[in-house]
Amino acid sequence: MAEKLFSPEEKAQITAAIQSAETRTSGEIQVHIENHCKGDVLDRAAEVFETLKMYQTKDRNGVLFYLAVLDHKFAILGDAGINAVVPKDFWVSTKDAMTALFREGKFTQGLIAGIHQAGDQLGAHFPFDQKGDQNELSDEISFG
């Protein structure tokens with residue numbers, strides 16, 4: 001189910017949103033989708049964050065969008081570097097905006113909206129450095 005939630009075109013749109021956001025920042029954004037989340041969604045997102053080695057970015061500025069589609073759970077998890085500089089309620093307000101779109105069945109648009117909001121904050125606090133920046137993590141959606 002998780003891999004079939006998005007069409008190939010929608011997956012390409014999500015990947016393009018990640019790539020677009022990352023052209024303005026040294027930060028890294030990843031999307032991970034699976035069917036079920038046993039237990040607390042933030043705990044599971046933290047496990048995925050570690051599995052994907054998102055904590056290894058130079059400035060600790062990775063952001064994970066985690067979705068458990070059959071359980072209707074999702075979380076946004078930022079690393080220490082980005083969490084230190086975003087407004088206190090930033091992740092909650094981003095999640096709320098995404099939830100509104102998800103409730104309308106607009107999953108692709110919801111993810112893209114969240115990616116753009118995260119990208120704006122990453123760009124403001126961790127601007128892209130043409131001389132030394134490299135893509136540290138995959139831009140492709142991962143599935144569990």
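Structure shown above.
Residues numbered from 1 in each chain as written. Predicted model: local features only at pLDDT ≥ 70, side-chain atom pairs only at ≥ 80, totals over all residues. Heavy atoms only, no water.

Trainee: What am I meant to see in the sheet that holds strand β3 (residues 73-78) here?
Mentor: Sheet strands associate in pairs through backbone hydrogen bonding, adopting either a parallel or an antiparallel arrangement. Overall, mixed pairing links the four strands, which are arranged β3-β2-β1-β4 in an open sheet. In this open sheet, the two edge strands, each paired with only one partner strand, are β3 and β4 (142-143). Looking at chain direction, strand β2 (residues 62-68) and β3 are connected through six bridges and run antiparallel. Following the sheet pairing, A68 is matched in β3 by K73. This element, helix α4 (residues 90-103), spans β2 and β3 of the sheet and lies at about 150° to β3. (Pairing = 2+ DSSP bridges. Helix = DSSP H or I, 4+ residues; strand = E, 2+ residues; numbered from the N terminus. Contact = heavy atoms within 4.5 Å. Axes fitted to C-alpha atoms, helices over the stretch in contact; angles between N-to-C directions.)

Trainee: Teacher, can you tell me more about the packing of aromatic side chains here?
Mentor: The description of two aromatic rings rests on the distance between their centres and on the angle between their planes. Counted by the stated rule, this structure contains three aromatic pairs. For the pair F74 and F102, a centre-to-centre distance of 4.9 Å together with 70° between the ring planes defines the contact as edge-to-face. Remark: F102 occurs in helix α4 and F74 occurs in strand β3; sequence separation between them is 28 residues. Overall, the relative accessible area of 12% leaves F102 in the buried class. Seen from their ring centres, F102 and F107 are 5.4 Å apart, and the 35° between their planes marks the pair as tilted. Each residue in the set F74, F102 and F107 is aromatic and connected to the rest through ring pairs, giving one cluster. Sitting over the face of the ring of F74, K95 holds its NZ or CZ atom 5.1 Å from the ring centroid. (Phe/Tyr/Trp six-rings, centres within 6.5 Å; stacked < 30°, edge-to-face > 60°. Buried < 20%, exposed > 50% of the residue type's maximum accessible area, 1.4 Å probe, protein only. Lys NZ or Arg CZ within 6 Å of the ring centre and 35° of its normal.)

Trainee: Would you take a moment to explain the environment of S138 for this structure?
Mentor: Assignment of secondary structure puts S138 in the loop between α5 (107-125) and β4. A sequence separation of 83 residues divides S138 from Y55, and the C-alpha atoms of the two residues are 14 Å apart. The residues touching S138, leaving out its near neighbours within four places in the chain, are I29 and Q30.

Trainee: Sorry if this is basic, but what is going on with the packing of helix α1 (residues 8-22) against α5 here?
Mentor: Between two packed helices, what matters for the description is the angle formed by their axes and the separation of those axes. Interaxial distance between α1 and α5 falls to 9 Å at its minimum, and their mutual angle equals 5°. In terms of axis orientation, α1 runs roughly parallel to α5. Between α1 and α5, the contacting residues are E10, Q13, I14, A17, I18 and A21 on the first element and T108, L111, I112, I115, H116 and G119 on the second. Here the contact of α1 with α5 is built from residues that sort into seven nonpolar, four polar and one charged. (Parallel < 35°, antiparallel > 145°, perpendicular 65-115°, else oblique. Nonpolar A, V, L, I, M, F, W, Y, C, P; charged D, E, K, R; others polar.)

Nothing here speaks to function; it is all geometry.
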